[in-house]
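Each chain, letter by letter, is given below.
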Amino acid sequence: MVKTAKILVVDDEPDMVDILRIILAQAGFEVETAYSGLECLEKASGGGFDLILLDIRMPEMDGWKTLRKLKENRITDRTNVIILTVEKGPGVEIFGLQDVVFDYITKPFDKEKLVKRVQKALRG
C-alpha cells in the first residue's frame, strides 16, 4: 500500500487554511493545520510530516523565525518547507534561507500549480 503524504498547513488566516486544506485533501494528501508559528512547532515536533506549507506573515512568531526553529530541531530539520507569501521578490535570499526552503509560492496562487509544486517537493 502506498503511504499518503502528510502535510502541515500553517497560516493565521482561517479562510486560507480552509482553502489549502480542501485543495490538498482533494489531491489525495493527508492534511493537518496550525494557525501560528508556535502551534506549527508543537505539531511538527511530533514528527511524521512529509511537507510543511508555511505562511510568512503571522503574529507572535513570523514564518521566518518559525522556519529557523524548524531547521534547528533534529526531528524537523529535514522536512521540506514551502513558503507561502503575499510578498513578491527575493525574501528567501534576503533572510539567507535559500538552502533550507524547498520552494515559495505567492498568494494568490493557482490551484493546479500549487498541487504540482507540492508533488515536486514531496519527490524531494
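Figured I'd write up the structure that's included with this text. (Residues numbered from 1 in each chain as written. Predicted model: local features only at pLDDT ≥ 70, side-chain atom pairs only at ≥ 80, totals over all residues. Heavy atoms only, no water.)

**Examining the pattern of salt bridges**
Scanning all chains against the criterion turns up five salt bridges. Among the salt bridges present, the one from Asp 18 reaches Arg 21, with a minimum N-O distance of 3.6 Å. Of this pair, Asp 18 and Arg 21 both sit in helix α1 (residues 14-26), three residues apart, which is roughly one turn of the helix. The partly exposed category is assigned to Arg 21, whose relative accessible area is 34%. Close ionic contact of Glu 39 with Lys 43 constitutes a salt bridge, the shortest N to O distance being 3.6 Å. Linking Glu 39 with Lys 43, this pair stays in helix α2 (residues 37-44), spanning four residues, or about one helical turn. (Salt bridge = Lys/Arg side-chain N within 4 Å of Asp/Glu carboxyl O. Helix = DSSP H or I, 4+ residues; strand = E, 2+ residues; numbered from the N terminus. Buried < 20%, exposed > 50% of the residue type's maximum accessible area, 1.4 Å probe, protein only.)

**Things to note about the sheet that holds strand β1 (residues 6-10)**
The strands making up a sheet associate through backbone hydrogen bonding, with each pair oriented either parallel or antiparallel. The five strands lie next to each other as β2-β1-β3-β4-β5, forming an open sheet whose pairing is parallel. If you trace the sheet from one side to the other, it starts and ends with β2 (30-34) and β5 (103-106), each paired once. The average angle at which neighbouring strand axes cross in this sheet is 20 degrees, direction not considered. Along the sheet, α1 contacts β1, β2, β3 (51-55) and β4 (80-85); its crossing angle with β2, the most-contacted strand, is approximately 170 degrees. Contacting β1, β2 and β3, α2 runs over the sheet at an angle of about 135 degrees to β2. (Pairing = 2+ DSSP bridges. Axes fitted to C-alpha atoms, helices over the stretch in contact; angles between N-to-C directions. Contact = heavy atoms within 4.5 Å.)

Function cannot be read off these values alone, since they describe shape.
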